[in-house]
Amino acid sequence: MDYLEIIGKKNLSGSVKISGAKNAALPLLASTILSSNKVQITNLPNVVDIRTLLKLLGMLGATFNHDNTNISIDTINLTETKATYDIVKTMRASILVLGPLLARFGHCEVSLPGGCAIGQRPVDLHLKALEQMGAKIEIKAGYILATVDGALKGATIVFDKVTVTGTENIVMAAALALGTTTIVNAAKEPEVVQLCEVLADAGVKIEGIGTNRLIIEGTNRQTVPFKPFKIIPDRIEAGTYLCAGAITNSTVKIENVVPMHLDAVLAKFEEMGYKILKDETSVTILPANEIKPIHITTTEYPGFPTDMQAQFMAVATMANGVSVIDEKLFENRFMHVSELVRMGAEISLNGTVATVTGTPQQLIGTDVMATDLRASSALVLAALVAEGTTKVHRIYHLDRGYDKLEVKLVNIGADIVREKE
Ligand code: EPZ
């Protein structure tokens, strides 16, 4: 296993090119199961989760030419419809093949994704919606056995909670259903929007794209001709590098981004006293005269994203004052707190609320352990301003969602080396 060795207190400067969004690429790769032609995709992020999903699609019979960021994928001759535990256990987003496989083939077996470090993360809403569309769902020996006679039927689906991959699964299932599906309380994340846009460009009639009410006219199991597309920029990767600028109080520019996707995050940086410059495709963060504490409540897009919570908690350790962070989406997304405290941060937890007392000069480098994707990026951020050397262990978590994180940080002045345990 690898670890990162980081020497803190380096000023950063320069610009970072942001990669394609992991959480857009995953549903879009799964959606190629619905395609009647070979699909050309560019700007894929070069991260482990993408390689894992491609391995799963390969096991189902897809063939592809893939050169890290571009792919031509052909699922026309898909033969298998079973997503096995050994793959799904490494990446819960494998659940995204459930909707398209069931819609196209009328049957599939998908291993139930276990929980993960940040929470139990059930898929009950995905399954309930598919049953409303006529599927028979059985859970047996840890697998979801889904069947439907003929095509799935259009239905009105009202999600009890906003679910990103739940919305994506049902959009893909509805695309090949017979009749009209209305999704009420749909997720509106940019990644959901791009999935809808790609399917609409392939000829699927979808109304309400970008809203919480989607109306999808199914093709009655007719696969559709996908047009080539480019994955949208990763707004969470982008926010993470802006946090690198914030925590070191340096000037950092991020390029190849959609600034609008970062509205809630940029507003918080400005509230903390940082200056933000924007143009069409880039954002620059400039130092704050005084880093002010912040109040954050995570919520669905376009509100403040839960995937940026850990990173902002690291930045809040540098604020002059007490910050309050309320994590509303996941019940256990504070795994980074104990590690930050070991570095000298003053953070107390009360249920879903973390209180961070800024200790601008107090973080000390030490050995810390990553537990989940975004928590590990928070530990790297803290290490950038800690006194001395920090070793971040178990960075396989980091590699799942960040494309060469340490290389991009070294390019703007950080002192980081990837070592073997
Ligand atoms: C997506 O996960 C993202 N993953 C997550 O990013 C992100 O944190 C999350 O959305 C919230 O924005 C991908 O897109 C691949 P949800 P997802 O279904 O879809 C509950 C990262 O760091 N729920 O929107 O799994 C659930 O427990 C990852 O890149 C049910 O109760 O999240 C949670 O409390 C981490 N039943 C809430 O809804 C269900 O059937 C939101 O979950 C589904 C969800």
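See the structure above.
Residues numbered from 1 in each chain as written. Predicted model: local features only at pLDDT ≥ 70, side-chain atom pairs only at ≥ 80, totals over all residues. Heavy atoms only, no water.

Peer 1: Lay out the overall build of the protein chain with the relevant residues and their values.
Peer 2: Along the backbone of the protein chain there are 14 helices and 24 strands. In terms of overall size, the protein chain behaves like a compact globule, its C-alpha atoms giving a radius of gyration of 22 Å where 421 residues would be expected to give roughly 22 Å. By principal-axis analysis of the C-alpha atoms, the protein chain measures approximately 65 × 45 × 40 Å. Within the span of the protein chain, comprising 421 residues, buried residues form 57% of the whole. Put simply, of all contacts in the protein chain between residues at least 6 apart along the chain, 73% involve residues at least 24 apart. Carbon together with sulfur atoms contributes 51% to the accessible area of the protein chain, which is approximately 15900 Å² in total. The distance from the centre of the 40 positive side-chain charges to the centre of the 45 negative ones in the protein chain is 2 Å. (Helix = DSSP H or I, 4+ residues; strand = E, 2+ residues; numbered from the N terminus. Rg over C-alpha atoms; globule rule 2.2 N^0.38 Å. Buried < 20%, exposed > 50% of the residue type's maximum accessible area, 1.4 Å probe, protein only. Contact = heavy atoms within 4.5 Å. Areas by Shrake-Rupley, 256 points an atom, 1.4 Å probe, with all protein chains shown as cover. Lys, Arg positive; Asp, Glu negative; His and termini not counted. Charge placed at Lys NZ, Arg CZ, Asp CG, Glu CD.)

Peer 1: Can you lay out the site of the ligand for me, pointing to particular residues and giving the numbers?
Peer 2: Taken together, 21 residues sit near the ligand, with Leu125, Thr163, Thr165, Asp307 and Leu329 positioned nearest. Take Pro122: an N or O atom from its main chain is 3.3 Å from an oxygen atom of the ligand. In the environment of the ligand, an oxygen atom lies 2.5 Å from a nitrogen or oxygen atom belonging to the side chain of Asp307. Out of a free accessible area of 830 Å², the ligand has 91% covered by protein chains. Broken down by secondary-structure element, the contributors of at least two residues to the shell around the ligand are helix H1 (22-31), helix H5 (124-132), helix H6 (164-175) and helix H12 (373-385). Among the elements that take part in the shell around the ligand, H5 stands out by supplying 3 residues, more than any other. Partitioning the shell around the ligand into residue classes produces 9 nonpolar, 5 polar and 7 charged. (Near = heavy atom within 4 Å. Polar contact = N/O pair within 3.5 Å; in protein donor to acceptor, adjacent residues only side chain to side chain. Nonpolar A, V, L, I, M, F, W, Y, C, P; charged D, E, K, R; others polar.)

Peer 1: Account for the sheet that holds strand S8 (residues 136-140), naming residues and giving values.
Peer 2: Reading across from one edge, S6-S7-S9-S8 is the order of the 4 strands in this open sheet, with mixed pairing throughout. Each of the sheet's edge strands pairs with one partner strand only, and the pair in question is strand S6 (82-83) and S8. In terms of strand pairing, S6 meets strand S7 (residues 107-111) through 2 bridges, oriented parallel. Of the residues in S7, the one forming a bridge with Lys82 is Glu109. Of the strands in this sheet, S7 and strand S9 (143-147) are in contact with helix H4 (residues 98-105), which crosses S7 at around 160°. (Pairing = 2+ DSSP bridges. Axes fitted to C-alpha atoms, helices over the stretch in contact; angles between N-to-C directions.)

Peer 1: I'd like to hear about the nonpolar core, residue by residue, with values.
Peer 2: Counting residues in each nonpolar core, the largest one holds 78 residues, and the members touching the most others are Leu57, Val97, Leu130, Met133 and Leu152. If we skip the residues at most four places from it in the chain, Leu130 touches Leu98, Leu102, Ala135, Ile137, Leu152, Ile170 and Ala173. Grouped together as the second largest cluster of nonpolar side chains are 70 residues, Ile6, Leu242, Val265 and Met343 included. (Core = buried A, V, L, I, M, F, W, Y, C linked by side-chain atoms within 4.5 Å.)

Peer 1: Describe in detail the environment of Thr181, supporting the description with residues and values.
Peer 2: Mapped onto the elements of the fold, Thr181 is located in strand S11 (residues 180-184). Exposure remark for Thr181: the relative accessible area of 0% places this residue in the buried category. Considering only alpha carbons, one finds Thr181 and Ile170, 11 residues apart in sequence, at a separation of 8.8 Å. Beyond its immediate stretch of four places on either side in the chain, Thr181 contacts Met133, Gly154, Ala155, Ile157, Ile170, Ala174, Leu214, Ile215 and Ile216. Of note is the side chain of Thr181, whose polar atom sits 3.4 Å from the backbone nitrogen of Ala155.

Peer 1: Could you give an account of the packing of aromatic side chains, with specific residues and numbers?
Peer 2: This structure, assessed with the given rule, holds 3 aromatic pairs. Three or more aromatic residues link up through ring pairs in this structure, and these residues are Phe269, Tyr274, Phe304 and Phe312. Here the guanidinium or amino end of Lys82 rests over the ring plane of Tyr143, the centre of that ring lying 4.8 Å away. (Phe/Tyr/Trp six-rings, centres within 6.5 Å; stacked < 30°, edge-to-face > 60°. Lys NZ or Arg CZ within 6 Å of the ring centre and 35° of its normal.)

Peer 1: Account for the sheet that holds strand S15 (residues 251-255), naming residues and giving values.
Peer 2: Read from one edge of the open sheet, 4 strands run S2-S15-S17-S16, paired in mixed fashion. Strands at the two margins of the open sheet, each flanked by one partner only, are strand S2 (13-17) and strand S16 (275-278). The average undirected angle you get between the axes of adjacent strands in this sheet is 15°. Pairing analysis gives 4 bridges linking S16 to strand S17 (residues 282-286), with the strands arranged antiparallel. By the bridge assignment, Ile276 is partnered in S17 with Ile285. Most of the contacts of helix H8 (residues 235-247) go to S15, to which it runs at about 170°, and overall it touches S2, S15 and S17. Those strands touched by helix H9 (residues 263-271) are S16 and S17, and its axis lies near 145° from that of S16.

Peer 1: I'd love a proper account of the pattern of salt bridges, names of residues and values included.
Peer 2: Evaluated as defined, the whole model comprises 16 salt bridges. The closest approach of N and O atoms between Arg400 and Asp49, which form a salt bridge, is 2.8 Å. Here Arg400 is found in the loop between helix H13 (396-399) and helix H14 (405-410), whereas its partner Asp49 is found in helix H2 (residues 48-60), with 351 residues between them in sequence. When the shortest N-O distance is used, the salt bridge between Asp403 and Lys404 registers 2.7 Å. Of the residues examined, Asp403 reaches a relative accessible area of 5% and is grouped as buried. Residue classification places Lys404 among the partly exposed positions, given a relative accessible area of 45%. Through salt bridges with shared partners, a single network forms among Asp2, Asp399, Glu406, Arg418 and Lys420. (Salt bridge = Lys/Arg side-chain N within 4 Å of Asp/Glu carboxyl O.)

Peer 1: Give a detailed account of the packing of H5 against H6, specifying residues and quantitative values.
Peer 2: Direction vectors running N to C along H5 and H6 enclose 25°, while the axes themselves pass 9 Å from each other. Between H5 and H6, the crossing angle belongs to the class labelled roughly parallel. Judged by the twist between their axes, the crossing of H5 over H6 is right-handed. Together, His126, Ala129 and Leu130 of H5 and Thr165, Gly166, Asn169, Ile170 and Ala173 of H6 make up the contact between the two elements. Residues belonging to the contact of H5 with H6 are distributed by class as follows: 4 nonpolar, 4 polar and no charged. (Parallel < 35°, antiparallel > 145°, perpendicular 65-115°, else oblique. Left-handed = near helix turned anticlockwise from the far one by under 90°.)

Peer 1: Could you give me a rundown of the side chain of Gln311, with the residues and numbers involved?
Peer 2: Relative to the helices and strands, Gln311 is located in helix H10 (residues 309-316). Of note is the side chain of Gln311, whose polar atom sits 2.9 Å from the backbone oxygen of Asp307. Discounting residues that sit within four places of it in the chain, Gln311 has contacts with Ile236, Thr240, Cys243, Arg374, Ser377, Ala378, Leu381 and Tyr402.

Purely spatial values, then, with no claim about function.
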